[in-house]
Amino acid sequence: MSGFLRVAALVVGKDLTVEVRSFEVLSTTLFFAITVVVIFAFGFVNEGVPVEGVAAAILWIALAFSGTLALGRTFERERQADTLRALMLAPADRPALYAGKLVGILVLMALVEAVLVPLVGLMFQAPIFVAPLWLAALLAAGTLGFAAVGTLFAAMLVRARSRDVLLPVLLYPMTVPVMIAGVRGTAALFQPEADIAMAQFWLALLMFFDAVFVTLALWTFEPLMTD
Amino acid sequence: MSGDFDAVAVVALGRHYGRRRALADITFTARSGAIVGLLGANGAGKSTLLAILGTLLVPSTGRVVYGEVTAADGGPDLRSRIGMLGHDLFLYPELTARENLTFFGRLYGVADVDRRVVVALERAGLTGRGDDPLSSYSRGMRQRVALERALLHGPRLLLLDEPFTGLDQASTAALVARLRDEQARGVITILATHDLDVVDGLLSEVLFLRAGRRVTGAAADGSLRERYREALHPA
């Protein structure tokens, strides 16, 4: 295994072991995401009939908010004993450390999505099984774009005093294109007649954003974290 | 091993945070086997200097040269020769001592890491508790694990920020003995501390810092506490 992958795998393994022991980030993130969806259901479902076309937006809002929470909590853990500095001190490629943290966040968000998508399907009568592979691809690409930027910003802000305020302030404007593409692509699948071509268009756009965001993050992680 | 060096030269080093000056014009050289003490009040710049020496911060002015290379040139090879114990412990409380040491050992590419971890736990006096989560340890026990983490990969440069915090008398004596062992091995140790009585007689060189600047002019004789007072609180 190359040095890059070995280091990234070590960081992922460590993060998941810590999470399995504490169950802190997953439980709070999941609870928050479910709460968001349930609150929206009270507003947008009337006598068992949901307002048309809101399911996709609610799914992505819940993902964005709970993802921000997961990012904050994951890096708060690294801040408490200054372990992010210990990682930066190691003779490892620093982009590999970023990649490891990113994959850890992606795993957590994927677990949240595994609960969130059926919940949205159930509460908003969204047709999540009409094109499940396209829906999974949209979610995977959107989550990667969101987490790629979020992991970079959360790592940068670890030592900032106002990190809890600054993270969403920086993250949401940057990831608006990802959110729009995710919502529009998912909405195309949730129509009474799923528009696969439209979903493919938005998926391609998401993949473009992913490539840009991941490349930029890998490129800037070391200089941003050193100074 | 590549990245090795036998001296660290700090040349006209300065660091600013915005308009605030944390360090200015610091110059000294530490050679193999040296134990250098950074002494000064809180906010004097000790931790900033350690962070720059550990390649975690880039200096605003001046440079640090490790043998022949700077931090920018040395990269991961250079970092493999640096061990650091921060004011915080750089350990994951949810993991056991063994898991912490194994994780960092693998991250540093330590050969035969499992055996090295067993030896490290023995040295820390924690063989029987190596599989307990770190969160169940006392501060002193965690400090001992943190020291072993910093030394696990056999660094040439050891950076310690308040290493005696939380240690009882026996652990303090053991740490002093350990630093002397590392000194005999040729390790360059640079430590920031307020425990003047503990390090008196241990340090081969002392840097007194005040408001980010090196203060010179203290007498060469007398106890460390007297020299500290003379340098930083002159009558």
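Keep in mind that this is a model prediction, so the values were computed, not measured.

### What about the overall build of chain A?
Then step 1. In terms of helices and strands, chain A carries eight helices and two strands.
Then step 2. A compact globule built from 227 residues should have a C-alpha radius of gyration of about 17 Å, and chain A, at 18 Å, falls within 12% of that.
Then step 3. Projected onto the principal axes, the alpha-carbon positions of chain A cover approximately 55 × 35 × 30 Å.
Then step 4. Buried residues in chain A amount to 47% of all 227 residues.
Then step 5. In chain A, 84% of the contacts between residues at least 6 apart in sequence involve partners at least 24 apart.

### Brief notes about the interface of chain A and chain B
Quoted interface sizes are often the accessible area lost when the parts come together.
Then step 1. Between chain A and chain B, the residue contacts involve 20 residues of the former and 24 residues of the latter.
Then step 2. Only α1 (3-22) and α4 (83-89) of chain A provide two or more residues apiece to the side of chain A that touches chain B.
Then step 3. Looking at the side of chain A that touches chain B element by element, the count peaks at seven residues for α1 of chain A.

### Thoughts on the sheet that holds strand β7 (residues 157-161) of chain B
Residues and elements named next belong to chain B.
Then step 1. The six strands are arranged β6-β7-β8-β3-β9-β10 in an open sheet whose pairing can be described as mixed. Each having just a single partner strand, β6 (82-85) and β10 (213-215) make up the two edges of the open sheet. Taking the axes of each pair of neighbouring strands and ignoring which way they run, one obtains an average angle of 25° across the sheet.
Then step 2. In terms of strand pairing, strand β3 (residues 35-40) meets strand β8 (residues 188-192) through four bridges, oriented parallel. Across the sheet, the residue bridging to L38 is A192, located in β8.
Then step 3. Packed on one face of the sheet, helix α6 (residues 169-184) meets β3, β7 and β8 and runs near 145° to β8.

### A closer look at the packing of helix α2 (residues 24-44) of chain A against helix α3 (residues 55-80) of chain A
Relative orientation and spacing of two packed helices are given, respectively, by the angle between their axes and the distance between those axes.
Residue and element names in this part refer to chain A.
Then step 1. Between α2 and α3, the shortest axis-to-axis distance is 9 Å and the interhelical angle comes to 155°. Taken together, the axes of α2 and α3 are roughly antiparallel relative to one another. Read as a crossing pair, α2 and α3 show a hand that is right-handed. Across the interface between the two elements, E24, V25, T28, T29, F32, A33, V36, V37 and F40 of α2 pack against I58, I61, A62, F65, S66, L69, A70, R73 and T74 of α3.
Then step 2. In the contact of α2 with α3, the residues fall into 12 nonpolar, four polar and two charged.

### With respect to the confidence of the model for chain B
Then step 1. A residue-level look at chain B finds 97% of positions with pLDDT of 70 or above and a mean pLDDT of 91.
Then step 2. Interface confidence in the predicted complex, given as ipTM, is 0.88; pTM for the same model is 0.89.

### Notes on the packing of α3 of chain A against helix α7 (residues 163-190) of chain A
Residues and elements named next belong to chain A.
Then step 1. Contact pair α3 / α7: the axes reach a minimum separation of 9 Å and the direction vectors enclose 150°. For the element pair α3 / α7, the angle class is roughly antiparallel. Here the hand of the crossing between α3 and α7 comes out right-handed. Each of A55, A56, A57, L59, W60, A64, T68, L71 and G72 in α3 lies in contact with α7, whose residues at this interface are D164, L167, P168, L171, M179, G182, V183, T186, A187 and F190.
Then step 2. Looking at side-chain class alone, the contact of α3 with α7 contains 14 nonpolar, four polar and one charged residues.

### A word on α6 of chain B
Then step 1. The end-to-end C-alpha distance of α6 of chain B is 23 Å, a good match for the 22 Å that 16 residues give at a rise of 1.5 Å each.
Then step 2. The first or second residue beyond α6 of chain B is G186 of chain B, which carries a positive phi of 95°.

Parameters and conventions
Residues numbered from 1 in each chain as written. Chains lettered and ligands numbered in written order. Predicted model: local features only at pLDDT ≥ 70, side-chain atom pairs only at ≥ 80, totals over all residues. Helix = DSSP H or I, 4+ residues; strand = E, 2+ residues; numbered from the N terminus. Rg over C-alpha atoms; globule rule 2.2 N^0.38 Å. Buried ≥ 20, exposed ≤ 12 C-beta atoms within 10 Å, placed from the backbone. Contact = placed C-beta atoms within 7 Å. Pairing = 2+ DSSP bridges. Axes fitted to C-alpha atoms, helices over the stretch in contact; angles between N-to-C directions. Parallel < 35°, antiparallel > 145°, perpendicular 65-115°, else oblique. Left-handed = near helix turned anticlockwise from the far one by under 90°. Nonpolar A, V, L, I, M, F, W, Y, C, P; charged D, E, K, R; others polar. pLDDT = per-residue confidence, 0-100. Expected span 1.5 Å × (residues − 1).

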